[in-house]
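So you can see what is in the structure, the chains are spelled out below.
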Amino acid sequence: MSLTSVWNTVYPIIIAILFFELIIIIHEGGHFAAARLMKIKVNEFSIGMGPKVFSFKKGDTTYSLRWILFGGYCSMEGESEDSEAEGSFSQKGVAARIFVVVAGAVMNLILGFVLVLCIVGGQNLVGTTTVARFDENASSYSCGLREGDKILSIDGMRIYTPTDVQTGLSRSADDTVEMVVERNGENMPLNVRFNTEVYESHQYISMDFWLLGKEKSFGSVLSSGFNNFVSYARMVFLSVHDIIAGRYGISDLSGPVGAVSVVSDAVKTSRLSMLRIMALLTINVGLFNLFPIPALDGWRLFLLVAEGITRRRLPQKWEYIINAVGLALLLLLMFFVTFSDITKLF
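Quick look at the structure, then.

Quick notes on the rules
- Residues numbered from 1 in each chain as written.
- Predicted model: local features only at pLDDT ≥ 70, side-chain atom pairs only at ≥ 80, totals over all residues.
- Heavy atoms only, no water.
- 1 Å grid on protein atoms, 1.4 Å probe; cavity = no way out; pocket = protein on both sides within 12 Å on 5 of 7 lines; lining within 4 Å.
- Points joined across faces, edges and corners; volume = space filled by probe spheres on them.
- Buried < 20%, exposed > 50% of the residue type's maximum accessible area, 1.4 Å probe, protein only.
- Helix = DSSP H or I, 4+ residues; strand = E, 2+ residues; numbered from the N terminus.
- Axes fitted to C-alpha atoms, helices over the stretch in contact; angles between N-to-C directions.
- Parallel < 35°, antiparallel > 145°, perpendicular 65-115°, else oblique.
- Left-handed = near helix turned anticlockwise from the far one by under 90°.
- Contact = heavy atoms within 4.5 Å.
- Nonpolar A, V, L, I, M, F, W, Y, C, P; charged D, E, K, R; others polar.

Thoughts on the layout of surface pockets
Size it by volume and the second largest pocket reaches roughly 260 Å³. In terms of lining, the second largest pocket is formed by 18 residues, of which the most central are Gly 127, Thr 128, Tyr 160, Lys 214 and Asn 227.

Concerning unusual backbone geometry
Even without being a glycine, Asn 137 presents a positive backbone phi close to 60°. On the accessibility criterion, Asn 137 (71% relative accessible area) is exposed. The backbone of Ala 295 sits at a positive phi, close to 85°, despite the residue not being glycine. Following the sequence through the fold, Ala 295 ends up in the loop between α7 (271–288) and α8 (297–310). Residue Ala 295 is classed as partly exposed on the basis of its relative accessible area of 34%.

As for the packing of helix α2 (residues 94–121) against helix α5 (residues 218–244)
When two helices pack together, their arrangement is given by the angle between the helix axes and the distance between those axes. Where α2 contacts α5, the two axes come as close as 9 Å, and the packing angle between them is 130°. Considering the angle they form, α2 stands oblique to α5. Where α2 crosses over α5, the two elements pack in a sense that is right-handed. Listed contacts from α5 to Leu 109, Gly 112, Phe 113, Val 116, Leu 117, Ile 119, Val 120 and Gly 121 of α2 are Val 221, Leu 222, Ser 224, Gly 225, Phe 226, Asn 228, Phe 229 and Tyr 232. Grouping the constituent residues of the contact of α2 with α5 by class yields 11 nonpolar, five polar and no charged.

Here is the structure:
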């Protein structure tokens, strides 16, 4: 095997790993910046996990780089235990603690929005939901869909972007979807049948029409970027809904290994594919962290909101136990998902 072929295999994996580390740095950096604004003492800000490569101290904070570039943390005084020290997280008011807790996820979402803007701005045209043309012998045309139709909804899901069209079609339970289109200023319901393809034991609709693109302007790029950001965020909630509803199982989930594989494949495909996957991942991380699941930021946010309403704080002992159990369950899930990812690779 030549050095060129080895590099072509390795560099997409390196980019994927570095991107995941960027997501974590942005997340923990959000906590760090918010803590400094609230005058909370940060004991250590670490890039990576495991043994230290090097570290230095500036003010009250130790900054460290660690060998495993697949993690990181922002350790604040009084974050996991009560502390009477000056600048302790536990001694700050509820509003200040909420600001610090949500800052990490907010930074991930901002990164996602920037990536989405880069995607839209990097395209020759801005996508719309208006049908431009059909493939030869398109079954959707036979069912009444026409050029110039603006797709408003698919199976009851409101459509705003081309991404929504793809998402709506991919979630259909069979080969027929209920569409509402705008034609000549009027809303028209259609039952549209498509050909289907089977991928990894799941049946997916084969989209047989193309959507219209329009010329870019500052306003259209910003508007389309915002709509696409909302669409990506909605995909996270739709995925959770589909898992709860039994449409997908644990074997369909991907952990770090599977995600690195997907990103590295996207890197090999095109810059646009890479940015799309990266945007979806960072938005996914930001939103998932806000879910009220023990060991995640969302659980701490839930407790802080409850504290703000009831004026009572959950005893530190019980918060520690709940977080420990939640972390153990998340690690167990991660083990099974990672095992599944490795199995799929081979």
